[in-house]
Amino acid sequence: GENVEQHPSTLSVQEGDSAVIKCTYSDSASNYFPWYKQELGKRPQLIIDIRSNVGEKKDQRIAVTLNKTAKHFSLHITETQPEDSAVYFCAARLYGGSQGNLIFGKGTKLSVKP
Amino acid sequence: AAGVIQSPRHLIKEKRETATLKCYPIPRHDTVYWYQQGPGQDPQFLISFYEKMQSDKGSIPDRFSAQQFSDYHSELNMSSLELGDSALYFCASSLTGGPTNEKLFFGSGTQLSVL
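Residues numbered from 1 in each chain as written. Chains lettered and ligands numbered in written order. Predicted model: local features only at pLDDT ≥ 70, side-chain atom pairs only at ≥ 80, totals over all residues. Heavy atoms only, no water.

A. Quick peek at unusual backbone geometry. Residue Pro8 of chain A is bonded to the preceding His7 of chain A through a cis peptide linkage, with omega at -5°. Locating Pro8 of chain A in the fold gives a position in the loop between β1 (4–7) and β2 (10–14). Despite not being glycine, Glu51 of chain B shows a phi value in the positive range, around 50°. With respect to the helices, strands and loops of the structure, Glu51 of chain B is situated in the loop between β5 (44–50) and β6 (53–57). (Helix = DSSP H or I, 4+ residues; strand = E, 2+ residues; numbered from the N terminus.)

Next up, the structure:
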């Protein structure tokens, strides 16, 4: 089955700096890669996602890149703000019809220092 | 916009008791997923249902069972509770065949504490 590895497990940056989180996946058939932000005790919130037929996607300060050959994808946050502090999870999914659940990475705790 | 609704928000049980968690998906969503998240852990997939039939099964213990009803809501039944079952349980839903069919939307979760 699918296995997702995520690095680093913790990341501390100064406000205004950029943050990069990297993930690798094992199943080359996976075709959907979302990123979730989770604050303590709250639901995972989808912040950006990318399909396997796209190499890069950007939404304001957040971008995701995908390298299908190397089976890795990354989250880039620019101009970080204290409210970006949270745990970020990458995930992979082999989506087809009604099948395919999300497999999560172990998470990255991002701390943005003012 | 309506979101995924879970109840109860918090639940406290004793060892060996049973618990039932409920999930109401986003209206018109036909697929429901259950995840278990321990403290400091990533969400672990338990089970999913599409059109009231089990579609995928993950690391769900035999003590747990789930179903999806005709109105698409789902219930996770947990018996013979153990201390290790204490976790945050999330339900998510998606719409097969829609423009965002690959996206899962999560509910606020049920915090289960087993004493």
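B. Structural context of the interface of chain A and chain B. Taken together, the contact pairs 22 residues of chain A with 26 residues of chain B. Of the roughly 2000 Å² buried at the junction of chain A and chain B (both faces included), carbon and sulfur atoms supply 48%. Counting every contact that joins chain A to chain B gives 3 salt bridges. With a shortest N-O distance of 2.3 Å, Lys103 of chain B and Asp49 of chain A are connected by a salt bridge. Linking chain A with chain B are 11 residue pairs in polar contact (both at pLDDT 80 or more), by the criterion used here. At the level of secondary structure, the elements contributing two or more residues to the side of chain A that touches chain B comprise β4 (32–38) and β5 (45–51) of chain A. Across the side of chain A that touches chain B, the residue classes tally to 8 nonpolar, 8 polar and 6 charged. (Contact = heavy atoms within 4.5 Å. Buried area = accessible area lost by both parts, 1.4 Å probe. Salt bridge = Lys/Arg side-chain N within 4 Å of Asp/Glu carboxyl O. Polar contact = N/O pair within 3.5 Å; in protein donor to acceptor, adjacent residues only side chain to side chain. Nonpolar A, V, L, I, M, F, W, Y, C, P; charged D, E, K, R; others polar.)

C. Looking closely at the pattern of salt bridges. In this structure the tally under the stated criterion is 9 salt bridges over all chains. Across the pair Lys57 of chain A and Asp49 of chain A runs a salt bridge, and its minimum N-O distance is 2.9 Å. Exposure remark for Lys57 of chain A: the relative accessible area of 34% places this residue in the partly exposed category. Residue Asp49 of chain A is classed as buried on the basis of its relative accessible area, which comes to 5%. We note a salt bridge from Asp85 of chain B to Arg63 of chain B, for which the minimum N-O separation is 2.9 Å. Taken as a pair, Asp85 of chain B in the loop between β8 (74–78) and β9 (87–94) and Arg63 of chain B in the loop between β6 and β7 (64–68) lie far apart in primary sequence, 22 residues in all. The class for Asp85 of chain B is buried, based on a relative accessible area of 4%. Taking relative accessible area as the criterion, Arg63 of chain B reaches 21% and is therefore assigned partly exposed. (Buried < 20%, exposed > 50% of the residue type's maximum accessible area, 1.4 Å probe, protein only.)

D. Just the nonpolar core, in detail. Judged by nonpolar contacts, the single largest core of 23 residues is most densely connected at Trp35, Phe73, Leu75 and Leu110 of chain A. For this core, the secondary-structure elements that each account for two or more residues are β2, β3 (19–25), β4, β5, β7 (62–67), β8 (72–77), β9 (86–92) and β11 (108–113) of chain A. In this structure, Leu75 of chain A is in contact with Ala19, Val20, Ile21, Trp35, Ile47, Ile48, Ile62, Ala63 and Tyr88 of chain A, ignoring residues within four places of it in sequence. Trp34, Phe64, Ala66 and Leu76 of chain B belong to the second-largest nonpolar core, a separate cluster that totals 22 residues. (Core = buried A, V, L, I, M, F, W, Y, C linked by side-chain atoms within 4.5 Å.)

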